[in-house]
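Each chain, written out:
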Amino acid sequence: MSAPVGRTTPTGSFAAAVAAARSDGELVVQPRMGFPTVAQMGAGLKAVHGTSARTVGTITLDSYTRVGDHASAARALERDEELNGFPIVAHGGRTTREMIAAAGAGDFAIQVRHGSPLPLGIVQALIDAGLDATEGGPVSYCLPYSRTPLVEAVDAWARSCEVLAEQVPGAHLESFGGCMLGQLCPPSLLVALSVLEGVFFRRHGLRSISLSYAQQTSFPQDVAALAALRRLAGEYLGDTDWHVVLYTYMGVFPRTVPGAQALLRESARLAALTGTERLIVKTAAEAHRIPTIEDNVHALETASEAARTATATPADRPDEGEAEEIHAEARDMVEAVLELHRDIDRAIPAAFARGYLDVPYCLHADNAQRTRSHIDSRGRLRWSSVGRMPVRSAPGGTAASVGADELLGMLSHVQNTFDRAALDPAASPEALPAAGRIRQETK
Amino acid sequence: MSAAAPAVITPEPLPDTTGPRRVLVSSVSSDSHTWNLVFLQLLIEEYGHTVVNVGACVPDELLIAECRRHRPDMVVISSVNGHGHLDGRRLIARLRAEPDLADLPVVIGGKLGTRGAEGGGHTRALVEAGFDAVFEDSVGIGEFRRYLAAPDTRALRTAGSAAPAL
Ligand code: B12
């Protein structure tokens, strides 16, 4: 694909690792891995570094650290209790740096993944640990991750970007805007939010950026969305070093091992066929518990293999004009936001206050809650109502509410499709053509 | 799977009062997941009850304040991020220490630890800490549906077929 890519040369270790893989024509695969203790986390980094796949490493932080409750994180460590990630602030930058060195991962590109609306302490800790990459954003780490007012998250993220840019030459920042609650957010809004956060990062000094997109409910629609994202990023971030990162499905995951692996492989195939530079994987444990080191290594190797052997079929192709439509819708949203105020720090909260940006089913007090989405008969994610967003292709106003079973049905659509195909090879692949193909691979 | 039978504590309905109740649905301090909250709200409303959804990342003090503001008949706590057993224990101790909230029916459910069904249940510890009922993810939503269908949810007792907890 003759897709536009970033122009300036990356200097940081994370961006350089991605750029090197890109020039080798290889997909970078990355885990979402985090454990509470130095021993576990160090072993995890070492294992990811040592796999046969082309990887970068991840330190995923626990929920106490995400909400700024470092005392609870420290107490849990003292008492040897379960945490869902690595408490980088409670451990401290120095301990983290020593852990990385002891794991023999000193030259390994590692990103800190968190989910914090007020990330300054985390950014400081990762800088102290000698790291140069993290992710998030003022919207994507506020609305789905907190009850913090959006204006406070915007301020904190502006300051954090500036600290990162000033103290770490070549620092890399990824927008989490392509995820938004993990499911049922139509592609155009994901693309718009990713690009808007990219513009925000650039405005606050960063020159090496990635834009995200999470696999949704339809392979061809995702192909179209990734093309739209790449085009819009080229239009708004042309003078920075940027790449695209795909997330394996972020919603309710298949419960069976073959179902989960088929969905993972499908995301790797999507990344490969769209020229996406980096993929963040999910494991077969996703529906059940925090994945182990082995779960992660297995997922990385599976994804890497699937990307290397990916082939296209006619069913993968988007409809005529589908990418253009997503691009136009996303561009209308971005423009409507940027026109609200010269300063993007003011424009973003104003856009949410007016409902120009409005994430379906998001309970955050600063989200207008006028939009709704659904999965259509061909498996594509669509707007049911767009509230006050500048979208022409769907009805405005507020949609009727759905029932509990109906909601659960939409949330479980991908899970059911892949679990059914895995358990019953005769199941009709009608709704999701992709699932039918995967059956052959799982044998 | 070698996991022990799922631990569940079912309520014993009291026959003397019936009718719609006011239910407060809430997450715990460290947990930002909300699909669980949206789902539970819709489910509980379908049984004719009124729901106040407090949302994600709810500090203990805020939950206590919301209980005083809305005076619910029941509180439903949901957590899936794996910290529920820690946050839940702390939260219920705080709540039970408030004289006016000591007898308020409070239940908790979701993915309460980080190790799934193999990690062993957290039901016992959470009941001992003061919850009236615990619905771990592995048990399924059926138990809770029966609970909501019961004419009264005030009196809760540790009983039920698969309850080795106490
Ligand atoms: C979508 C999702 C997200 C979205 C959430 C967006 C949002 N605002 O809601 C995003 C991407 C933001 C996210 C973030 C995180 N997530 Co998450 N997420 C999921 C995912 C994929 C689906 C959850 C979902 O939407 N379910 C649909 C709802 C309707 O169902 P449910 O939540 O599963 O609840 C069911 C039952 O548990 C039960 N139930 C729940 N509560 C209650 C309460 C009562 C009283 C009763 C009766 C029943 C009940 O009813 C529901 C229907 O059956 C799950 C994995 C999966 N299931 O596939 C992980 C998962 C829940 N997340 C997880 C984690 C750890 C996180 C993070 C901490 C990041 C990390 N370290 O990986 C952060 C949270 C940050 C924080 N501060 O807590 C883990 C939890 C691990 C564990 N418990 O062992 C899971 C299981 C993934 C995993 N395997 O690692 N996540």
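Please refer to the structure higher up on the page.
Residues numbered from 1 in each chain as written. Chains lettered and ligands numbered in written order. Predicted model: local features only at pLDDT ≥ 70, side-chain atom pairs only at ≥ 80, totals over all residues. Heavy atoms only, no water.

*Asks:* Can you break down unusual backbone geometry residue by residue, with the values?
*Replies:* Residues and elements named next belong to chain A. Despite not being glycine, M180 has its phi angle at roughly 35°, a positive value. Relative to the helices and strands, M180 resides in the loop between β5 (172–175) and α9 (187–203). Of the residues examined, M180 reaches a relative accessible area of 1% and is grouped as buried. Phi is positive for L181, close to 70°, though the residue is something other than glycine. Residue placement: L181 occurs in the loop between β5 and α9. (Helix = DSSP H or I, 4+ residues; strand = E, 2+ residues; numbered from the N terminus. Buried < 20%, exposed > 50% of the residue type's maximum accessible area, 1.4 Å probe, protein only.)

*Asks:* Summarise the environment of S208 of chain A; cite the residues concerned and give the values.
*Replies:* Residue and element names in this part refer to chain A. Inspection of the secondary structure puts S208 in strand β6 (residues 208–214). For S208, a relative accessible area of 5% gives the class buried. Remark: the alpha-carbon pair of S208 and F14, spanning 194 residues in sequence, is separated by 9.6 Å. Residues within four places of S208 in sequence aside, it is in contact with A15, G170, A171, H172, L173 and D241. Looking at S208, its side chain comes within polar contact range of the side chain of H172, at 2.9 Å. (Contact = heavy atoms within 4.5 Å. Polar contact = N/O pair within 3.5 Å; in protein donor to acceptor, adjacent residues only side chain to side chain.)

*Asks:* Now, about the pattern of salt bridges: what can you tell me, with residues and values included?
*Replies:* Scanning all chains against the criterion turns up 36 salt bridges over all chains. The closest approach of N and O atoms between E61 of chain B and R94 of chain B, which form a salt bridge, is 3.1 Å. In this pair, E61 of chain B is assigned in helix α2 (residues 60–70) and R94 of chain B in helix α3 (residues 84–96), connecting sequence segments 33 residues apart. The class for R94 of chain B is partly exposed, based on a relative accessible area of 34%. Residues participating in the shared-partner salt-bridge network are R113, E135, E174 and R278 of chain A. (Salt bridge = Lys/Arg side-chain N within 4 Å of Asp/Glu carboxyl O.)

*Asks:* Can you break down the side chain of R96 of chain B residue by residue, with the values?
*Replies:* Residue and element names in this part refer to chain B. Following the sequence through the fold, R96 ends up in helix α3. Overall, R96 belongs to the buried group, its relative accessible area being 19%. From its side chain, R96 meets the backbone oxygen of L101 in a polar contact 3.1 Å long. Separated by 3.1 Å, the side chain of R96 and the backbone oxygen of A102 make a polar contact. Not counting residues up to four positions away in its chain, the partners in contact with R96 are L101, A102, D103, L104, V106, G130 and D132.

*Asks:* Account for the interface of chain B and chain A, with residues named and values stated.
*Replies:* Taken together, the contacts link 34 residues of chain B with 29 residues of chain A. Buried surface at the junction of chain B and chain A, both sides included, amounts to about 2,600 Å², of which 57% is carbon and sulfur. Per-residue buried area on chain B facing chain A is highest for W35, H83 and T114 of chain B; these three make up 28% of the total on that side. For the salt bridge of E81 of chain A with R89 of chain B, the shortest nitrogen-to-oxygen distance reads 3.5 Å. Elements with a minimum of two residues in the side of chain B that touches chain A: α1 (35–46), β2 (50–55) and α3 of chain B. The dominant element in the side of chain B that touches chain A, judged by the number of residues it contributes, is α1 of chain B, at seven residues. Residues of the side of chain B that touches chain A, tallied by class, amount to 13 nonpolar, 13 polar and eight charged. (Buried area = accessible area lost by both parts, 1.4 Å probe. Nonpolar A, V, L, I, M, F, W, Y, C, P; charged D, E, K, R; others polar.)

*Asks:* Tell me about the coordination of the cobalt atom of the ligand, residues and numbers included.
*Replies:* Octahedral six-donor coordination of a metal ideally yields angles of 90 or 180 degrees, compared with 109.5 degrees for tetrahedral four-donor coordination. Just one protein atom donates to the cobalt atom of the ligand; it is H33 of chain B (NE2), sitting 2.3 Å from the metal. Relative to the elements of secondary structure, H33 of chain B occurs in the loop between β1 (22–26) and α1. (Donors = N, O, S within 2.8 Å, 3.2 Å for Na, K, Ca; no water.)

*Asks:* Can you tell me about the site of the ligand, naming the residues and giving the values?
*Replies:* Looking at the ligand, there are 45 residues lining it, with R289 of chain A together with H33, T34, S78 and D137 of chain B nearest. More than one chain approaches the ligand, the contributing ones being chains A and B. Here a nitrogen atom of the ligand and a backbone polar atom of G82 of chain B are 3.3 Å apart. Contact between the ligand and G109 of chain B: a nitrogen atom at 3.5 Å from a main-chain N or O atom of the residue. For the shell around the ligand, the secondary structure elements donating two or more residues are α3 (63–66) and α15 (404–411) of chain A together with α1, β3 (74–79) and β4 (106–110) of chain B. In terms of residues, the shell around the ligand owes the most to one element, α1 of chain B, which gives four residues. Of the residues that constitute the shell around the ligand, the class distribution is 22 nonpolar, 17 polar and six charged. (Near = heavy atom within 4 Å.)

*Asks:* Kindly report on the packing of α2 of chain B against α3 of chain B, identifying the contributing residues and their values.
*Replies:* Residues and elements named next belong to chain B. Running from N to C, α2 and α3 cross one another at 45°; their axes reach a closest spacing of 10 Å. The angle between the axes of α2 and α3 places the two elements in the oblique class. Pair α2 / α3 crosses with right-handed handedness. Contacts between α2 and α3 involve D60, E61, L63 and I64 on the former and, on the latter, R90, L91, R94 and L95. Tallied by class, residues from the contact of α2 with α3 come to four nonpolar, no polar and four charged. (Axes fitted to C-alpha atoms, helices over the stretch in contact; angles between N-to-C directions. Parallel < 35°, antiparallel > 145°, perpendicular 65-115°, else oblique. Left-handed = near helix turned anticlockwise from the far one by under 90°.)

*Asks:* Report on the sheet that holds β4 of chain B, specifying residues and quantitative values.
*Replies:* All names here are of chain B. Strand order in this open sheet of five strands is β2-β1-β3-β4-β5, and the pairing throughout is parallel. Edge positions in the sheet fall to β2 and β5 (133–136), since each has one partner strand and no second. Averaged over all adjacent pairs, the angle separating strand axes in this sheet is 20°, with direction ignored. As paired strands, β1 and β2 are joined by five bridges and run parallel to one another. By the bridge assignment, L24 is partnered in β2 with V52. Against the sheet, α2 makes contact with β1, β2 and β3, and its axis sits at roughly 165° relative to β1, the strand it touches most. (Pairing = 2+ DSSP bridges.)

By themselves, these figures tell us nothing about what the structure is for.
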